[in-house]
Amino acid sequence: MDYKDRMKEVIPMDISSYIELLTNISLFEGIEQKDIGGMLGCLQANKKNFLKNETILRAGEVISHLGIILSGRGQIIREDIMGNRNILSNLEVGDMFAEAFACAGSQRLPFQVVAITDCTVMFLDYRRIVTTCSSSCYFHTSLIHNMMKILAVKNVLLTQKMEHMTKRSTREKLLSYLSEQAAKSNSKIFSIPFNRQELADYLCVDRSAMSNELSKLKDEGLIDYDRSDFRLLKEQLS
């Protein structure tokens, strides 16, 4: 089923079930809770439920809608012609995806978005966000401002990932990533959103080689870990 057919299957939003969540999403920052219902009606917001491992968006599609995770989890994944898998991003509740390509309009997706648990996604037509409607809804200015901020933040995050990727060795990539996660948590003790295979895919490294490096770092007294929970044991890792 292609993108247009999947968009035909979306169903109207049950606003009351998600109103509290929506007030905490960056796109709706500065917009009062009492106004969100009418706003989503103006934007013709819709939702669709996906089963675990179901494809939300396919690589190669040209899209006009952005998505927001309302429940469950997803991942943005890119695969090369040889089947090598690279996780570009983990998607949690409240996270937005594909907004840059919805904005671009004619650009085909270079990645796919997959549900890694059963999840619910809200779809919004990008054009309705950035175009003032006939009713001249006052919230459009806030929406446009928020969207620009989101795109800027996503660009910063992409730059941060590129910093990890430009490291030469698996060890250096791990140290760069773990240091960033500690800084983001403002603590030497933190959890990462990936299991071992997902972390290897995110950093574009071999899983076995990465696991060996993690063991070495632990033996050297630089880090400690239990599954996805980590603790830095030194002030500087790199």
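Everything numeric here is computed off the predicted structure, so don't read it as measured data.

Asks: Is there a simple way to explain the layout of surface pockets in this structure?
Replies: A probe as big as a water molecule, rolled over the atoms, marks out the empty space that is left. Within this model, the largest pocket holds a volume of roughly 1,300 Å³. L88, S89, K154, L157 and L158 are, among the 42 residues lining the largest pocket, the residues nearest its centre. The class makeup of the residues in the lining of the largest pocket is 22 nonpolar, ten polar and ten charged.

Asks: What is the right way to look at the sheet that holds strand β8 (residues 112–115) in this model?
Replies: To summarise the sheet geometry, strands pair through backbone hydrogen bonds and adopt either a parallel or an antiparallel arrangement. One open sheet accounts for four strands, arranged β3-β8-β5-β6; its pairing is antiparallel. Each edge of the sheet is formed by a strand with only one pairing partner; in this case those strands are β3 (55–57) and β6 (85–91). With direction set aside, neighbouring strand axes in the sheet form an average angle of 35 degrees. As judged from the two bridges shared by β3 and β8, these two strands associate in the antiparallel manner. Within the sheet, the bridge partner assigned to L57 lies in β8 and is V113.

Asks: Help me out: how do you make sense of the packing of aromatic side chains in this one?
Replies: For any pair of aromatic rings, geometry is given as the distance between the ring centres together with the angle between the planes. Scanning the model with the defined rule gives seven aromatic pairs in all. Geometrically, the ring pair formed by F50 and F123 is edge-to-face, given 6.4 Å between the ring centres and 70 degrees between the ring planes. A residue pair is termed long-range when its members are at least 10 positions apart, and F50 in strand β2 (residues 46–50) and F123 in strand β9 (residues 119–125) qualify at 73 residues. Like F50, the residue F123 is buried in the burial classification. A ring pair is formed by Y225 and F230, whose centres lie 5.6 Å apart and whose planes are at 35 degrees; its orientation type is tilted. An identical accessibility class is assigned to Y225 and F230; each is buried. Taken together, the aromatic side chains of Y177, F194 and Y202 make up a single cluster linked through ring pairs.

The rules we used
Every chain begins its residue count from 1, and numbering advances along the sequence as written. Only residues with pLDDT of at least 70 are given local features in this predicted model, and only at 80 or more are side-chain atom pairs given and counted; all residues enter the totals for whole chains, interfaces and linings. The basis for every side-chain value is the complete set of non-hydrogen atoms in the structure, without hydrogens or water. Put simply, the grid is 1 Å and covers the protein atoms alone, a cavity is a trapped set of points that fit a 1.4 Å probe, a pocket is an open set with protein on both sides within 12 Å along at least five of seven lines, and lining residues have an atom within 4 Å of a point. Grid points are joined across faces, edges and corners, and a volume is the space filled by probe spheres set on the points. Gly is put with the polar residues, along with every residue not named as nonpolar or charged; the nonpolar set is Ala, Val, Leu, Ile, Met, Phe, Trp, Tyr, Cys and Pro, and the charged set is Asp, Glu, Lys and Arg. Whether two strands pair depends on DSSP finding at least two bridges between them. Helix and strand assignments come from DSSP, with helices taken as H or I runs of at least 4 residues and strands as E runs of at least 2, each series counted from the N terminus. Axis angles are defined between N-to-C directions and span 0 to 180 degrees, where every axis is a line fitted to C-alpha atoms and, for a helix, only to the segment in contact. Pairing of aromatic side chains requires ring centres within 6.5 Å, counting the rings of Phe and Tyr and the six-membered ring of Trp. Pairs whose planes differ by under 30 degrees are stacked, by over 60 edge-to-face, and all others tilted. Burial status follows relative accessibility: with a 1.4 Å probe on protein chains alone, a residue under 20% of its type maximum counts as buried, one over 50% as exposed, and anything between as partly exposed.

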